[in-house]
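The primary structure of each chain is shown beneath.
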Amino acid sequence: MPIHDQQSRTPARVKDRPTWLISRAFARSSGLLAAAFESSGSGLRSYHYRILAALDEWGPASQADLGRGTGIDRSDVTAAVSELESRGFVARSADPEHGRRNIVSLLPAGAEQLLALDDVIDAVQEQVLRPLSPAQRRQLVALLLKLLPDQGGPTNG
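Keep in mind the model is a prediction, meaning the values are calculated, not measured.

Asks: Please provide a residue-by-residue account of helix 4 (residues 63-70), values included.
Replies: What helix 4 keeps buried is the set Gln63, Leu66, Gly67 and Thr70. Here the buried residues of helix 4 occupy an arc of 100° about the axis, which is enough to place them on one side. On the buried face of helix 4, the contacting elements are helix 3 (46-58), strand 1 (61-62), helix 5 (74-86), strand 2 (90-95) and strand 3 (98-106). Phi turns positive one or two residues past the end of helix 4, at Gly71, with a value near 75°.

Right, dumping it as structure tokens:
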């Protein structure tokens, strides 16, 4: 049978490999998240959510700290903060101790938007994890955390 007739099949030596399964789960969850933000996120994206969540949890922060803490590239943080600022969700001010550094603060409208985005994220989590029991969900999260070096998992070296 020609390979183009079997688009949905995965080669046997690939289908049970954790890296393949993780990448497929990532692709599915990313697609669901993007679709949810598109339909219910008021034009915002997951990186906006991460910035708002970081500011809510950590308080005012420099753009560089936001990038490091959220895993967002510095130039993307600048663009995202500009968009959030234009919507009245955050305020940017010069750091009095470092003239070239901006400090970003969460505004009340941003805190309200964060709560609305929490609902979007929660719905996606439920959709992704629907096949799992509550115990399996907790176990999955615990196992995934073990795989991440910054969460207590293995490190290089």
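Asks: So what's going on with the layout of surface pockets? Residues and values would help.
Replies: The calculated volume of the largest pocket comes to roughly 1000 Å³. Lining of the largest pocket is provided by 21 residues; of these, Phe26, Ser29, Leu140, Leu144 and Leu148 occupy positions nearest its centre. Secondary-structure elements contributing two or more residues to the lining of the largest pocket are helix 2 (18-40), helix 6 (108-129) and helix 7 (134-147). When grouped by side-chain class, the residues that make up the lining of the largest pocket number 15 nonpolar, four polar and two charged.

Asks: So what's going on with the pairing of strand 3? Which residues, and what values?
Replies: Sheet topology places strand 1 next to strand 3; two bridges connect them, and they run antiparallel. The partner of Ser62 across the bridge, within strand 3, is Ile103. As judged from the six bridges shared by strand 2 and strand 3, these two strands associate in the antiparallel manner. Bridge pairing links Asp95 to His98 in strand 3. In this structure, the hairpin formed by strand 2 and strand 3 is closed by a connection of two residues.

Asks: Give a description of the nonpolar core that names residues and reports values.
Replies: Across soluble globular proteins, you tend to see nonpolar side chains buried next to one another. Grouped together as the largest cluster of nonpolar side chains are 20 residues, with contacts concentrated most on Ile51, Leu52, Leu55, Leu66, Val81, Leu84 and Val90. If you tally residues by element for this core, the top one is helix 3, at five residues. Contacts of Val81, omitting those with residues within four sequence positions, involve Ile51, Gln63, Leu66, Val90, Arg92 and Val104.

The rules we used
- Residues numbered from 1 in each chain as written.
- Predicted model: local features only at pLDDT ≥ 70, side-chain atom pairs only at ≥ 80, totals over all residues.
- Heavy atoms only, no water.
- Buried < 20%, exposed > 50% of the residue type's maximum accessible area, 1.4 Å probe, protein only.
- Helix = DSSP H or I, 4+ residues; strand = E, 2+ residues; numbered from the N terminus.
- Arc of directions from axis to C-beta.
- Contact = heavy atoms within 4.5 Å.
- 1 Å grid on protein atoms, 1.4 Å probe; cavity = no way out; pocket = protein on both sides within 12 Å on 5 of 7 lines; lining within 4 Å.
- Points joined across faces, edges and corners; volume = space filled by probe spheres on them.
- Nonpolar A, V, L, I, M, F, W, Y, C, P; charged D, E, K, R; others polar.
- Pairing = 2+ DSSP bridges.
- Core = buried A, V, L, I, M, F, W, Y, C linked by side-chain atoms within 4.5 Å.

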